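# What the coordinates show
Okay, here's what each chain looks like letter by letter:
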Amino acid sequence: MAFLIVFALTLLVGDVVLLGFVTYKILKFGELEDDHMNPTDFARDMNYVYPLELGLQALLLMIQVWMIMAFYGTPQLLAILLNGGYLGYHMHLFSTQKWKVDAAKVWNPTFKKTSQTQILIGVVCYGVLFFLFLYNTIKVLTNHPPKAPGARPGRRAGHNRRQGY
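This report concerns the structure included in the present document. Fair warning: this is a prediction, and the values are worked out from it, not measured in the lab. Counting starts from 1 at the beginning of each chain's written sequence and moves along it residue by residue. Residue-level local features of this predicted model are given only where pLDDT is at least 70; pairs of side-chain atoms are given and counted only at 80 or more, and the full residue set underlies all totals for whole chains, interfaces and linings. Where side-chain values are given, they derive from all heavy atoms of the structure, hydrogens and water being excluded.

### Looking at the overall build of the protein
Each helix and strand counted, the protein has 4 helices and 0 strands in total. A 1.4 Å probe rolled over the protein chains alone gives each residue an accessible area, and that area as a share of the maximum for its type sets the label: buried under 20%, exposed over 50%, partly exposed in between. Relative to its full complement of 165 residues, the protein shows a buried share of 34%. For the protein, restricting intrachain contacts to residue pairs at least 6 apart in sequence, the fraction spanning at least 24 positions comes to 82%. Summing over all exposed atoms, the protein offers an accessible surface of approximately 10700 Å²; the carbon and sulfur share of this is 66%. Helix and strand definitions here come from DSSP, where helices need a minimum of 4 consecutive H or I residues and strands a minimum of 2 consecutive E residues; each element is numbered from the N-terminal end. A contact between two residues is defined here by any heavy atoms of the two lying within 4.5 Å. Areas reported as accessible are Shrake-Rupley estimates using a 1.4 Å probe. Residue values count occlusion only from the protein chains shown.

### Regarding the pattern of salt bridges
Between side chains of opposite charge, a pair can form as their charged atoms come close. The term salt bridge refers to a pairing of a side-chain nitrogen on Lys or Arg with a carboxyl oxygen on Asp or Glu at a separation within 4 Å. Scanning the entire structure with this criterion turns up 6 salt bridges. The closest approach of N and O atoms between Arg-44 and Asp-41, which form a salt bridge, is 3.0 Å. One end of the pair is Arg-44 and the other is Asp-41, both in helix α2 (residues 39–70) and 3 residues apart, which spans about a single turn. The salt bridge partner of Asp-45 is Arg-44, with a shortest N-O separation of 3.6 Å. For Arg-44, a relative accessible area of 52% puts it in the exposed group. Each member of the salt-bridge network shares a partner with another, and the members are Lys-28, Glu-31, Asp-41, Arg-44 and Asp-45.

### A word on the environment of Phe-42
In this structure, Phe-42 sits in helix α2. Separated by 13 residues in the primary sequence, Phe-42 and Phe-29 have C-alpha atoms spaced 8.0 Å apart. Not counting the four nearest positions on each side in its chain, Phe-42 is found in contact with Lys-28, Phe-29, Leu-32, Met-37, Val-101, Val-106 and Phe-111.

Pasting the structure below:
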C-alpha cells in the first residue's frame with residue numbers, strides 16, 4: 001500500500017514538473033519575441049529542455065504501467081493511453097531529429113507556428129494527465145485496507161464490553 005501511495009504522488013509531482021517544462025518553453029518564446037533573448041540562446045535552452053522532458057515522460061509511463069498491474073482502474077488506463085501516445089509522438093520527433101531547434105530557423109513563421117502548436121498540445125495533455133493523476137492519488141489515499149475476518153463494523157479492538165452500565 002505504501003508503494004502505491006509513493007508512486008501515485010510521484011506521478012502527480014512528475015506531471016507538475018512536466019507542466020513546468022512546458023511553462024518554461026512558453027516563457028522562452030515570450031523572451032524571444034520581446035527581444036530579451038537572442039536566437040542562439042533560445043535554441044540552446046530549448047534543446048536542453050527537450051531530452052529532460054522526454055526522459056521524465058518515459059519514467060512516468062513506466063510507473064504507470066507498473067501501477068496498472070498493481071492497482072487496476074479506468075482513469076489509469078486512460079492516462080497510460082494519453083501519455084503513451086504523446087510519448088510516441090515525442091519519440092518520433094526525437095528519432096527523426098525534428099526536435100532540435102536551429103537558431104537560423106527561429107524566425108521562420110512555420111517553425112513558430114509548429115512549435116507553438118506542439119506546446120499547446122503539451123499543455124492540454126499534461127493538464128488532462130494532472131487531473132487523472134490527482135484522481136488516482138485521491139483514490140489510492142482513500143483506499144482502506146480490508147478488515148480482519150469476523151470484525152464487525154464500528155467496533156474497535158479491546159472495546160467489546162459495555163461500559164458505564
